[in-house]
Amino acid sequence: MESSLSRIQTLVTQIKQEIFSSPFDPLSFVFPSAYETTAWLATVPDHPKQGTNRSVFKGCLEWIVNNQREEGFWEEDGSDGLPTIDGLPSTLACLVALKTWGAVGEENIEKVPTTCPVDGELIRLCLVNHIQRLGLAEHFTKEIDEVLERIYRSYKNQESREIDLHLVPAKIYKDSLAFRLLRMHGYNVTPRSFCWFLYDEDIRVHVEKNFEYFMGALYNVYRATELMFSGEYEAEEAKLFSKKLLEKSLKLTSVKDNPNFKRLIEHELRNPWIARLDHLDHRMWIEQNKIDTQWIEKASLDRLSCLHNDKLMQLAVENYNYRQSIYRKELEELTRWSKEWRLSEMGFGREKTAYCYFAIASSTCLPLDSTVRILVAKSSILVTVADDLYDMEGSLDDLHALTQAVQRWDGRGLSGHGDIIFRGLEDIVSEIAENHVQQYGIDITKNLRHLWGETFGSWMMETTWSKTGYLPSLDEYLQMGMTSIATHTMIMPALCFLNYDLKSDHYQSITKLLMASSRLLNDIQSYQKELEVGKKNFVILYSKANPKAGLETSIKHVKEILDEMKKELLEQALMDGFNDLPKTCNHFHVSILRVFYMFFNSSNLFDSTTELLHDINRAIHVPIPIK
């Protein structure tokens, strides 16, 4: 493992020196085209030793003469007539070939347009995006920050001016990519910075009529709208607009002939970013780029690539496999712990050791150390087992005894399942508290016990409601349900290791949003099961309170509430000034929200015994082959 880490560090150093330390050269990121190959062939002489003045590949020379574009460039026509960055090396290569043979093509030569379309900012943005999507951002934090700070200054100072239709694809592409990257890093940017094209009738109509040339741009517009905040109606409109055209594009021959790009669009439309885990997204991006070394994001279907891509890809594979090696060892340790405390052998409910670890390990690339990942996973395992005991197995007397034992933190007199759960809980709390004392010198034992006592109390209350037939109001249910989902119980100890003050007497607003969102996501997918056993659920309660609504209308209403909560949480997490939490804590809230969306977005994956096994294997067990 040490040698793997050493190779990773060596590659990081080399890439920093080659890409970020030397003067930035946009041309080094241009993918060679067929024009350059043709031009090279045209320079080969018929009899090199005799010094002949003709090309052995005369047809190539004639092809160059006859295929110069009207603007003076040589390049493939895939961008609605707009010369692109591809045209620069192609044009230079063709000019060299013509110059080699003297008078041949003099008229073509007279045409070295005086300007070349090289957008260094766009290439920098693509580079940052590529690094992030490969899962390498942690190695280039300083370099990424410097690029984005420079881009942000440029955006603040840019003046609005009329845009030539030929420049629209690249501008939309660049603006939407910049918005997403800047917003993810906390910069104050608004959707107008990339939605402007919707409010120019000529441009909007042009995009709709020529959407085939805007696939890369529309793909980035759609991804940018995934980070919209509450009240950003421009972004809502842009999402609907881009989604409609992206769906339409899947029927195009040009997209069908590019299976990687087609797969990328389908994946984005089918699986929203909020319901995906970073670790698996990184693997998908690596594998796509291993199949086709061109960068798959394409402005107007142009071929933008990176001559440094081999080292980046090597680093990405090494980095991913190194993470996996750590994850496998941690999962083995967690499995041993679960068996040692008999939590995985209760004989009822759900055994979700692998699911719980997979979720926390794959959801974030924050600098959480091994101890924190395991502690969160242990908490999640115990929550699952205890929740099932209250829902399925325990009698009211036994559950009441367990609840009191946790709240007074004294397990004497417990037996059976209650005793197993309490002893496992004691082990978790002791381990968290000891680690916190070692790192920060502060004992948080009382705070941890209070958290768990509150959670067990909420399970007891919900069980009592079900057993007695009590019907709570929607507000009463949600307040209790925010606690019983136990999101805060699982994550707040982890936040303590990210400089969060657990001694605070109240939950932060962002934590409350996460708790409520987690509960509603769970309720949307579990209402049918809970309806059958008589358990309370927000969807069911809303339907009862609004008899004319019906279950489908109730689900739609809950989804609307969820969508608004998601936007509010993203705003609090990504923008400064909404709370006094460190940025890492705010981002951790987003990661956990994505876990719950992954589990409950379109079905109840957490309760499934098979649907996540493929993803778990890809995330933890199956390495990416190294070529």
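Cut-off values and rules
Residues numbered from 1 in each chain as written. Predicted model: local features only at pLDDT ≥ 70, side-chain atom pairs only at ≥ 80, totals over all residues. Heavy atoms only, no water. Helix = DSSP H or I, 4+ residues; strand = E, 2+ residues; numbered from the N terminus. Buried < 20%, exposed > 50% of the residue type's maximum accessible area, 1.4 Å probe, protein only. Areas by Shrake-Rupley, 256 points an atom, 1.4 Å probe, with all protein chains shown as cover. Core = buried A, V, L, I, M, F, W, Y, C linked by side-chain atoms within 4.5 Å. Contact = heavy atoms within 4.5 Å. Expected span 1.5 Å × (residues − 1). Salt bridge = Lys/Arg side-chain N within 4 Å of Asp/Glu carboxyl O.

A. Here's a closer look at the overall build of the protein. Of the regular secondary structure elements, the protein holds 28 helices and zero strands. Here the protein holds 627 residues, and the buried ones make up 56% of them. Of the accessible surface of the protein, which amounts to about 28000 Å², a share of 50% is contributed by carbon and sulfur atoms.

B. View of the nonpolar core. Judged by nonpolar contacts, the single largest core of 179 residues is most densely connected at V207, F456 and F599. At twelve residues, the largest contribution of residues to this core is made by helix α18 (residues 370-393). For F599, the contacting residues outside a window of four places in its chain are Y355, A359, N604, L605, F606 and L612.

C. Helix α8 (residues 168-184), seen in detail. The end-to-end C-alpha distance of α8, which contains 17 residues, comes to 24 Å, matching closely the 24 Å that a straight helix rising 1.5 Å per residue would cover. Within α8, 14 of the 17 residues are buried, which leaves the element mostly enclosed by the surrounding structure. Positive backbone phi, at 90 degrees, marks G186, one or two positions downstream of α8.

D. Inspection of the pattern of salt bridges at higher detail. Counted under the stated rule, the structure contains 34 salt bridges. A cluster of three or more residues bridged by salt bridges with shared partners is formed by R350, D387, D388, K529 and D607.

E. Seen up close, unusual backbone geometry. Phi angles above zero are rare outside glycine, and R342 is one such case at about 60 degrees. Its location among the elements puts R342 in the loop between α16 (309-340) and α17 (353-363). For R342, a relative accessible area of 45% puts it in the partly exposed group. Although it is not a glycine, A486 adopts a positive phi angle of roughly 65 degrees. Structurally, A486 is set in the loop between α22 (474-484) and α23 (487-496).

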